[in-house]
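Commentary on secondary and tertiary structure
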Amino acid sequence: MKPKQINISPLNGDREVADNGEAILNLDHGDPTMYEKYWHRMGDRTTVVISGWQFTSYFSDPKNLCWFLEPELAEEIIRLHKMVGNAITNGYHIVVGTGSSQLFQAVLYALSSDTTEPVSVVSAAPYYSSYPMITDCLKSGLYKWEGDAWSFDKDGPYIELITSPNNPDGFIRQSVVNRSGGILVHDFAYYWPQYTPITAPADHNLMLFTISKTTGHAGMRIGWALVKDEIVAKKMVKYIELNTIGVSKDSQLRAAKILRVISDGSGLAHRFDGETFFGFSHRIMELRWDLLREAVNKSRIFSLPNFTPEFCNYWGRVFQPLPAFAWLKCKDGIEDCETLLRGHKILTRSGRYFGVSPSFVRISMLTRDQTFNLFVQRLSRIHSWNEER
Ligand code: PMP
């Protein structure tokens, strides 16, 4: 018998069809396709045209510490942080990277290149599942993944990664190791007003951001670091020079354009308009979290974290965090939540990848509307481990 053809159009990458014709909902990756709808509505306002003769050089701004950073992008990054109020930029060096994933590696290199023994790298569980894999993939002699920061008690220098709001569980975090000899790296991929109340501008020594989760343009592969220390910033630039000799100019110019459209449209007069980027995204996140909590209540065998509402300086009101991932727990002694959901053709990522129990799973909240709607419908109908699947 010929195998059944699976038709995946570019717009349907998060949904394949199983043999019985039921859609397989892939919510494992945090692919931010939810945002396509907004950018589609913006039409040509974000179009960038680059001719064959333009931007051919390796160099963007030779006098700048980060010589491959396009000045236009730097300008728009500073403007957006000022408008949102989520980070201080004065007194910081901006280092652009091929996604914040490359910047993370540049940070590891920059913070460990002078030490004689491998620097321990830790993060409080549940931690972002890529940290251990990226840290150890080259078996570097410079740094080593040492796991959960809560139980870290080794002597010597260490790097603590603080993801806030946290991937996977959405909570705001602070450092947990609290001893001397440590360097803190703040991953602020989700510190944006569609996901969490902006309570103060962040001003830590080393902060990472990514366009992937800010605007939904994961495919551009653009991230930026705000770095206080000039020597650290120079070493990060050196790493990116050795790794990829800079960062795609085409992507940087596209990113600059997208950020400009967001800032132009989000001045005080328009901030609360559903047509602004953050207005649109925040409303969708509120709606999705309401639908998800309703489905979880109906199903009775799952639970979700409860968050404390906080005042958001950007929106001028109190709201509860609306994380980019749902951190779902199976109740009633169900040990393996990923397998349970897989049986219902919902693909998620098990808690064990985040350093905790497999009774948890991480589920992307940033998928396309149709996939999300199918997901909540399906979830609300799961009442026990044993029911027919
Ligand atoms: N940090 C965190 C906490 C993330 O969730 C992600 C994306 N999943 C990244 C970094 C990597 O982002 P990028 O696409 O910019 O490499």
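Residues numbered from 1 in each chain as written. Predicted model: local features only at pLDDT ≥ 70, side-chain atom pairs only at ≥ 80, totals over all residues.

If you look the protein up in an unreviewed UniProt entry, it shows as Alliinase C-terminal domain-containing protein from Trapa natans. The UniProt entry for the protein carries the following text under Sequence similarities (unreviewed entry): "Belongs to the alliinase family." (UniProt positions renumbered as here; feature names shortened; annotations may be inferred.)

Okay, the sheet that holds strand S2 (residues 23–26) next. Taken in spatial order, the three strands line up as S1-S2-S14 in an open sheet, and their pairing is mixed. One side of each edge strand has no neighbouring strand; the edge strands of this open sheet are strand S1 (15–17) and strand S14 (346–347). Taken together, the two bridges between S2 and S14 define a ladder with parallel strand orientation. Looking at the pairing, Asn26 lines up with Leu347 of S14. Together, S1, S2 and S14 form the strand contacts of helix H10 (residues 369–380), whose direction differs from that of S2 by roughly 100°. (Pairing = 2+ DSSP bridges. Helix = DSSP H or I, 4+ residues; strand = E, 2+ residues; numbered from the N terminus. Contact = placed C-beta atoms within 7 Å. Axes fitted to C-alpha atoms, helices over the stretch in contact; angles between N-to-C directions.)

We now examine the site of the ligand. Contacts to the ligand come from 13 residues, most closely from Gly99, Ser100, Ser101, Thr210 and Ser212. The element best represented in the shell around the ligand is helix H3 (residues 99–112), accounting for three residues. (Near = placed C-beta within 6 Å.)

The subject of this paragraph is the domain arrangement of the protein. For the protein, the assigned domains are domain 1 (10–39 + 275–380) and domain 2 (71–265). Here the C-alpha centre of domain 2 lies 24 Å away from the C-alpha centre of domain 1. Tallying the contact residues gives 32 residues for domain 1 and 29 residues for domain 2. Sorting the residues of the side of domain 1 that touches domain 2 by element identifies helix H8 (277–299), strand S11 (310–312) and strand S13 (325–330) as the ones contributing at least two each. When residues of the side of domain 1 that touches domain 2 are assigned to their parent elements, the largest contribution, five residues, is made by H8. Taken together, the residues of the side of domain 1 that touches domain 2 break down into 22 nonpolar, six polar and four charged. (Domains from an automatic or database assignment. Nonpolar A, V, L, I, M, F, W, Y, C, P; charged D, E, K, R; others polar.)

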